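What the coordinates show
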Amino acid sequence: MNPQIAPAPTDGRPLKVAVICQSDSLGGAAVVTRRLVHALQAEGVDASLLAFHKLSTDDTVHTTSSRIIRATTFMGERIGIFLRNGFSRRNLFKVSTASTGIDLSHHPVVRDADVIVLSWINQGMLSLKGIARLASLGKPIVWTMHDMWNITGICHHAYECTSYTDRCGNCQFLTGRSAHDLAHRTQHRKDTLYHQHPITFVAVSNWLAERARKSSLLRDADVRVIHNAFPVESFPTSPSMDLRCVGESPLIISMGAARLDDPIKGLNYAIDALNHLFDNDPELARKSLAVFFGGIKDPSAFDRLRFPYRHLGQVNDGNVLRQLYAHTDVVLSTSLYETLPGTLIEGMAAGAVPVSFGRGGQNDIFEHLHTGYMAEYKNAEDVAAGIKWALTHRRKREDQHAEVRRRFSSSAIASQYIALFRELLAK
């Protein structure tokens, strides 16, 4: 703890920060948000996390309301999307409208705070009206963007669509195309909110910040770049225990996601790349093992993979995951879009070499042909070339760890947020 670092209000007490997120544990945004709270606490900030769903036993995590109210607001938003989308469930969770939510402006954690930090607040936690009520309290509002939702009408990832740079409408995630559809109307509501209330936006990668500055919603807004905080020192660069899941294989390629066969994760490109290696470099394949972790919905997802592999399912034990990374030589991601891929950072922290496409925050993480390999987008053969390069151009694991520590250590990220809080409070 280093209390003197944190900005102190004029009465001498520590700065109080309320961080608001949909969950304290479920999903990548929830994990990194809770890490930020702990990083701020370590630097002397009185930080609390206000969560829609609390799954941990952390005393600094507070719930927003009763389960009945949470279920009501969640279902209210989803039903609203369902009714306006031709009763289609196909893309139901690829979009959010912030049409329903809980009024947190009277919550004690919010009332006591000097600064309010919004994180991932969708699926019934906060409505746009509720955010306006928070902004009306007169406290500085910082909104950390973990995906593209803040800059689009309703989608969390726009894929190839660029309508967000002008006017959303005819949305690819809605049925019955219309120029004045739900995406168009929600974009207008966001525009009203952003113009009526001063909000400082934080993008977790330069890639996301660039898209924010091209968007019609945030091109004139105050957009900063602060990466997610990672507990870099908790990732060892050499294993301290044997893992049965990796067996005796000398070379390990790891790939993980909350749901591996989510289309945005690009699993088929990883399978094609590994099959290409198996067919064209059987000796390398014979010495290697691909280890996948995370859920899948399609039990046949790996049926056509010829490369030696194991699928571990969900890995909920943090120590097992860190040991897996410590065994890993290549950490692989073939996601089509990632704002700041955490598995690459965690793998690098343990000394692995990342191989990935470059549609996202990968440029903030590693340097092509130095600390990792940036494959040509949607080119499975180039992914295979990257894996081979990473396995044959070995870097010292300690050097990979040091590179991640320099960019993403908890203390460094917390200090950047604290500097931003000081700036906003000074105004």
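With respect to the overall build of the protein
Counting its secondary structure elements, the protein contains 13 helices and 13 strands. On C-alpha atoms alone, the protein measures out to a radius of gyration of 22 Å, which is about the 22 Å that the 2.2 N^0.38 rule sets for 427 residues. By sequence separation, contacts in the protein at least 24 residues apart represent 67% of the contacts at least 6 residues apart. About 18,300 Å² of surface is accessible on the protein, with carbon and sulfur atoms providing 49% of the total. Taking the average location of the 48 positive side-chain charges in the protein and that of its 42 negative ones, the two points are 5 Å from each other.

Looking at the nonpolar core
Grouped together as the largest cluster of nonpolar side chains are 85 residues, with contacts concentrated most on Ile20, Leu118 and Trp143. Element by element, the count of residues in this core is highest for helix α11 (residues 380–392), at 7 residues. Leaving out residues up to four positions away in the same chain, leucine 118 has contacts with Ile20, Leu126, Ile131, Leu134, Ile141, Val142, Trp143 and Thr144.

Some words on empty space enclosed by the protein
Evaluated as defined, the whole model comprises 3 cavities of 30 Å³ or more. In this model, the largest cavity occupies a volume close to 110 Å³. Residue composition of the lining of the largest cavity, grouped by class: 9 nonpolar, 5 polar and no charged. Roughly 80 Å³ of internal volume is contained in the second largest cavity. In terms of lining residues, the second largest cavity is bounded by 13 residues, among which Val32, Leu36, Thr144, Asn228 and Tyr417 are the most central. Of all the elements in the fold, those that place two or more residues in the lining of the second largest cavity are α1 (28–42) and α13 (410–426). The element that contributes the greatest number of residues to the lining of the second largest cavity is α1, accounting for 3 residues. Considering only residue class, the lining of the second largest cavity consists of 7 nonpolar, 6 polar and no charged.

Some details on the pairing of strand β7 (residues 222–225)
Taken together, the 4 bridges between strand β6 (residues 200–203) and β7 define a ladder with parallel strand orientation. Each residue of the ladder has a partner; that of threonine 200, found in β7, is aspartate 222. The β-α-β motif built from β6, the intervening helix α6 (residues 206–214) and the parallel element β7 has right-handed crossover chirality.

A look at helix α12 (residues 397–408)
Given a rise of 1.5 Å per residue, 12 residues ought to cover 16 Å, and the 16 Å separating the end C-alpha atoms of α12 matches this to within 8%. By the burial criterion, the buried members of α12 are Arg397, Gln400, His401, Glu403, Val404, Arg407 and Phe408. Around the axis of α12, the buried residues are gathered within 160° of arc, so they sit on the same side. Those residues of α12 that are exposed and aimed more than 90 degrees away from the buried face are Glu398 and Arg406. The inward-facing, buried residues of α12 abut α9 (318–327), α10 (342–349), β12 (353–356) and α13.

Some details on the side chain of arginine 211
Looking at where arginine 211 falls in the secondary structure, it is placed in helix α6. Here tryptophan 207 takes part through its backbone oxygen, which lies 3.1 Å from a polar atom of the side chain of arginine 211.

A word on the side chain of histidine 401
Within the secondary structure, histidine 401 sits in helix α12. The buried category is assigned to histidine 401, whose relative accessible area is 8%. At 2.6 Å, the side chain of histidine 401 and the backbone oxygen of alanine 349 are in polar contact. For histidine 401, the residues in contact, after removing those within four places along its chain, are Val232, Glu233, Phe235, Thr237, Met348 and Ala349.

Regarding the sheet that holds strand β8 (residues 251–259)
One open sheet holds the 6 strands; their spatial order is β10-β9-β8-β11-β12-β13, and the pairing between them is parallel. Two strands bound the open sheet, and with one partner strand each, they are β10 (309–311) and β13 (373–374). Across the sheet, α10 is in contact with β8, β11 (330–333) and β12; its angle to β11 comes to roughly 175°.

Overview of the confidence of the model for the protein
For the protein, the mean per-residue pLDDT works out to 92, and 97% of the residues sit at or above 70. Taken together, the stretch residues 1–5 has pLDDT below 50 and engages in 11 contacts with residues farther than four places along the chain or on a different chain.

Describing the sheet that holds strand β2 (residues 46–53)
Judged by pairing direction, the sheet is parallel, and its 7 strands sit side by side in the order β3-β2-β1-β4-β5-β6-β7 without closing on themselves. Edge strands, defined here as strands with exactly one partner in the open sheet, are β3 (61–63) and β7. Mean inter-strand twist for the sheet, computed between neighbouring axes without regard to direction, equals 25°. Here strand β1 (residues 16–23) pairs with strand β4 (residues 115–118) via 4 bridges, running parallel. Note that in β4 the partner of alanine 18 across the bridge is isoleucine 116.

Some thoughts on the environment of threonine 328
Considering the arrangement of structural elements, one finds threonine 328 in the loop between α9 and β11. Relative accessible area serves as the criterion here: at 0%, threonine 328 is assigned to the buried category. Taking the C-alpha atoms as reference, threonine 328 lies 8.6 Å from valine 353; in sequence the two are 25 residues apart. Every residue in contact with threonine 328, bar those within four places of it in the chain, is listed here: Ile252, Ser254, Ala352 and Arg397. A polar side-chain atom of threonine 328 sits 2.6 Å from a polar atom in the side chain of serine 254.

Section: α6
Residues of α6 that are buried include every one of Trp207, Leu208, Ala209, Arg211 and Ala212, and no others. On its buried side, α6 packs onto β5 (141–145), β6 and β7.

With respect to the packing of α1 against α13
At their nearest, the axes of α1 and α13 sit 9 Å apart, and the two run at 80° to each other. Between α1 and α13, the crossing angle belongs to the class labelled roughly perpendicular. Between α1, through Leu36, Ala39 and Leu40, and α13, the contact on the second element is made entirely by Ser410, Ala414, Tyr417, Ile418 and Phe421. Residues belonging to the contact of α1 with α13 are distributed by class as follows: 7 nonpolar, 1 polar and no charged.

Thresholds, definitions, all that
- Residues numbered from 1 in each chain as written.
- Predicted model: local features only at pLDDT ≥ 70, side-chain atom pairs only at ≥ 80, totals over all residues.
- Heavy atoms only, no water.
- Helix = DSSP H or I, 4+ residues; strand = E, 2+ residues; numbered from the N terminus.
- Rg over C-alpha atoms; globule rule 2.2 N^0.38 Å.
- Contact = heavy atoms within 4.5 Å.
- Areas by Shrake-Rupley, 256 points an atom, 1.4 Å probe, with all protein chains shown as cover.
- Lys, Arg positive; Asp, Glu negative; His and termini not counted.
- Charge placed at Lys NZ, Arg CZ, Asp CG, Glu CD.
- Core = buried A, V, L, I, M, F, W, Y, C linked by side-chain atoms within 4.5 Å.
- Buried < 20%, exposed > 50% of the residue type's maximum accessible area, 1.4 Å probe, protein only.
- 1 Å grid on protein atoms, 1.4 Å probe; cavity = no way out; pocket = protein on both sides within 12 Å on 5 of 7 lines; lining within 4 Å.
- Points joined across faces, edges and corners; volume = space filled by probe spheres on them.
- Nonpolar A, V, L, I, M, F, W, Y, C, P; charged D, E, K, R; others polar.
- Pairing = 2+ DSSP bridges.
- Right-handed = clockwise from strand over helix to strand, strands pointing away.
- Expected span 1.5 Å × (residues − 1).
- Arc of directions from axis to C-beta.
- Polar contact = N/O pair within 3.5 Å; in protein donor to acceptor, adjacent residues only side chain to side chain.
- Axes fitted to C-alpha atoms, helices over the stretch in contact; angles between N-to-C directions.
- pLDDT = per-residue confidence, 0-100.
- Parallel < 35°, antiparallel > 145°, perpendicular 65-115°, else oblique.

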